[in-house]
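Chain by chain, the residues:
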Amino acid sequence: MDRIHPREPARLSLANLPTRVHPLRTGDDLGVPLFIKRDDHTGGELSGNKVRKLEYLMAEAVAAGATHVLTCGGEQSNHARATAFAAARLGLRSVLVLRCDDPAHPPAATGNILLDELAGAELVWITRLAWRDRTRLLAEHAERIRAAGGRPYVIPEGGSNALGSWGYLRAAHELAVDLADVPRPCTVIYACGSGGTAAGLVLGGKLLDFAGRGIRLTTVNVCDDRAYFVAAILAICADAEARWQLGANVTEADLDILDGYVGAGYARSRPEELATLLALGRRDGVVLDPVYTGKAFHALVTELGRDGGRFGASVMFLHTGGIFGTFASPELSSALAARVSS
Ligand SMILES: Cc1ncc(COP(=O)(O)O)c(C=O)c1O
């Protein structure tokens, strides 16, 4: 797909696009045609939804002559890992500011952390309290790099800003093609962690008249709440509007945020969520991660269990990645062990 908009910013090709779509047998059990879009297959080590955003963010970093890319996230951040690999691939250094329980005893190098280290990232561990100050901390580390003669480029949490949102504005164009022949109305469901994926999809959906075509976008927040994400998503959309005059005019009425599935909290799993995750692995051979896609898919299954027509005539689950987080989930390991022994 060539340029998607006359004012589309520069982009580097980092992801394997377009991502594949296929049906899920689980849809037969739920009584609705169910499809999955494999954004978990945008790459290998450089995979998941973040790669789409990084195509634009890294293009700006390279154009600015950056030597270092800095970003932040939770200890098993998929975004931080993807940023570390994108940087390494482009010959840049990366600094990842990661939150954990006790920076004096950082978590074991498993899952995404192991990969961060393989990509040669510098890891800076901070407390959950210090996380509130992450913007200032990133600026301080950027200053340290500048003082040593480097050129830092700072990417916010999740790559979720106006520039990063172009990744999913572009993905909306892919979805319009993917959904050409599926029964309408169709709902696209996906996880929301920092709001950038949602902002890009909603912008793209407005510009492509998804509503008029019978395509709905529903996002499941895996942390915080609806009010938090309404503000976060609208702020990104407003910034994009101010920078590129897209004419999308996104308002709160355009946002469908399915709240109520945060469960035990961010990155904490409930047995029923893990059961949904395990069931999809067995029924369809698709691995969900416990932090994002597992919760979003559990929301989908639960809502359809209550009302089979809840999402219209068909459903598209957007798999946003996160597989490496499964290797670092003690709850998932325990759930699997319990299954084996029962
Ligand atoms: C696997 C996965 N899915 C979904 C999300 C949520 O995307 P966003 O941060 O754009 O809301 C993230 C990151 O936060 C993620 O790592």
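Every chain's residues receive numbers from 1 upward, in the order its sequence appears when written. The model is predicted, so local features are restricted to residues of pLDDT at least 70 and side-chain atom pairs to those at 80 or more, both for listing and for counting; the totals for chains, interfaces and linings are taken over all residues.

### A short note on the domain arrangement of the protein chain
Interface extent is often summarised as the accessible area lost during association of the parts. The line we're drawing: Residue ranges labeled as domains rest on an automatic or database domain assignment. Residues are treated as contacting if the C-beta atoms built from their backbones sit within 7 Å of each other. Comment: elements are numbered from the N terminus, with helices defined as DSSP H or I runs of at least four residues and strands as E runs of at least two. When residues are sorted by character, Ala, Val, Leu, Ile, Met, Phe, Trp, Tyr, Cys and Pro go into the nonpolar class, Asp, Glu, Lys and Arg into the charged class, and all the rest, Gly among them, into the polar class.
For the protein chain, the assigned domains read domain 1 (21-48 + 160-341) and domain 2 (50-159). The C-alpha-based centres of domain 1 and domain 2 are spaced at 24 Å. The interface of domain 1 with domain 2 comprises 25 residues on the first partner and 24 residues on the second. Looking at the side of domain 1 that touches domain 2, the element that brings in the most residues is helix H6 (residues 162-178), giving 7 residues. When grouped by side-chain class, the residues that make up the side of domain 1 that touches domain 2 number 9 nonpolar, 14 polar and 2 charged.

### A closer look at the sheet that holds strand E3 (residues 68-74)
Adjacent strands of a sheet pair through backbone hydrogen bonds, lying either parallel or antiparallel. What counts, and what does not: Paired strands, in this sense, are two strands between which DSSP finds at least two bridges. Structural elements are reduced to axes, namely lines fitted to C-alpha atoms, with helices fitted over the stretch in contact, and the angle between N-to-C directions of any two is expressed from 0 to 180 degrees.
Strands sit in the order E5-E4-E3-E6 across an open sheet of 4 strands; the sheet is parallel. Each edge of the open sheet is held by one strand with a lone partner, namely strand E5 (122-126) and strand E6 (152-154). The sheet shows a mean angle of 25° between the axes of neighbouring strands, direction not considered. Examined bridge by bridge, strand E4 (residues 93-99) and E5 share 5 bridges and lie parallel to one another. Across the sheet, Val 97 pairs through a bridge with Val 124, a residue of E5.

### Re helix H3 (residues 78-89)
One turn of the α-helix equals 3.6 residues, which is why residues spaced by three or four share an orientation. Heads up, the condition is: The span one expects for a helix is its residue count, reduced by one, times 1.5 Å. Buried, partly exposed and exposed are defined by the number of other C-beta atoms within 10 Å of a residue's own C-beta, namely 20 or more, between the two limits, and 12 or fewer respectively, with C-beta atoms placed from the backbone.
Its 12 residues give H3 an end-to-end C-alpha distance of 16 Å, which sits within 8% of 16 Å, the value for a rise of 1.5 Å per residue. In terms of burial, H3 is largely enclosed, as 10 of its 12 residues are buried. When we look at burial in H3, the residues that qualify are Asn 78, His 79, Ala 80, Arg 81, Ala 82, Thr 83, Ala 84, Phe 85, Ala 86 and Ala 87. Along its buried surface, H3 packs onto helix H2 (50-63), E3, E4 and helix H4 (111-118). The first or second residue beyond H3 is Gly 91, which carries a positive phi of 80°.

### Comments concerning the packing of H6 against helix H7 (residues 196-207)
As a reminder of what qualifies: Angles below 35 degrees are treated as roughly parallel, those above 145 as roughly antiparallel, those between 65 and 115 as roughly perpendicular, and all remaining angles as oblique. By convention, the crossing between two helices is left-handed when the near helix turns anticlockwise from the far helix through less than a right angle, and right-handed when the turn is clockwise.
Taken N-terminus to C-terminus, the directions of H6 and H7 make an angle of 50°; their axes are 7 Å apart at the nearest point. Accordingly, the angle class assigned to the pair H6 and H7 is oblique. In the packing of H6 onto H7, the handedness of the crossing is right-handed. Along its contact with H6, which presents Gly 164, Ser 165, Trp 166, Gly 167, Tyr 168, Leu 169, Ala 171, Ala 172 and His 173, the element H7 presents Gly 196, Thr 197, Ala 199, Gly 200, Leu 201, Leu 203, Gly 204 and Gly 205. A class-by-class count of the residues in the contact of H6 with H7 yields 8 nonpolar, 9 polar and no charged.

### Digging into the site of the ligand
Formally: Here is the check we use: build the C-beta atom from the backbone, and if it is within 6 Å of the molecule or strand, call the residue near.
Near the ligand lie 20 residues; those nearest to it are Asn 78, Gly 193, Tyr 292, Thr 320 and Gly 322. When contributions to the shell around the ligand are tallied by element, the ones reaching two or more residues are H3, strand E7 (186-192) and H7. Sorting elements by how many residues they give to the shell around the ligand places H7 first, with 3 residues. Partitioning the shell around the ligand into residue classes produces 4 nonpolar, 15 polar and 1 charged. Looking at the shell around the ligand, you find at least three residues from each of domain 1 (21-48 + 160-341) and domain 2 (50-159).

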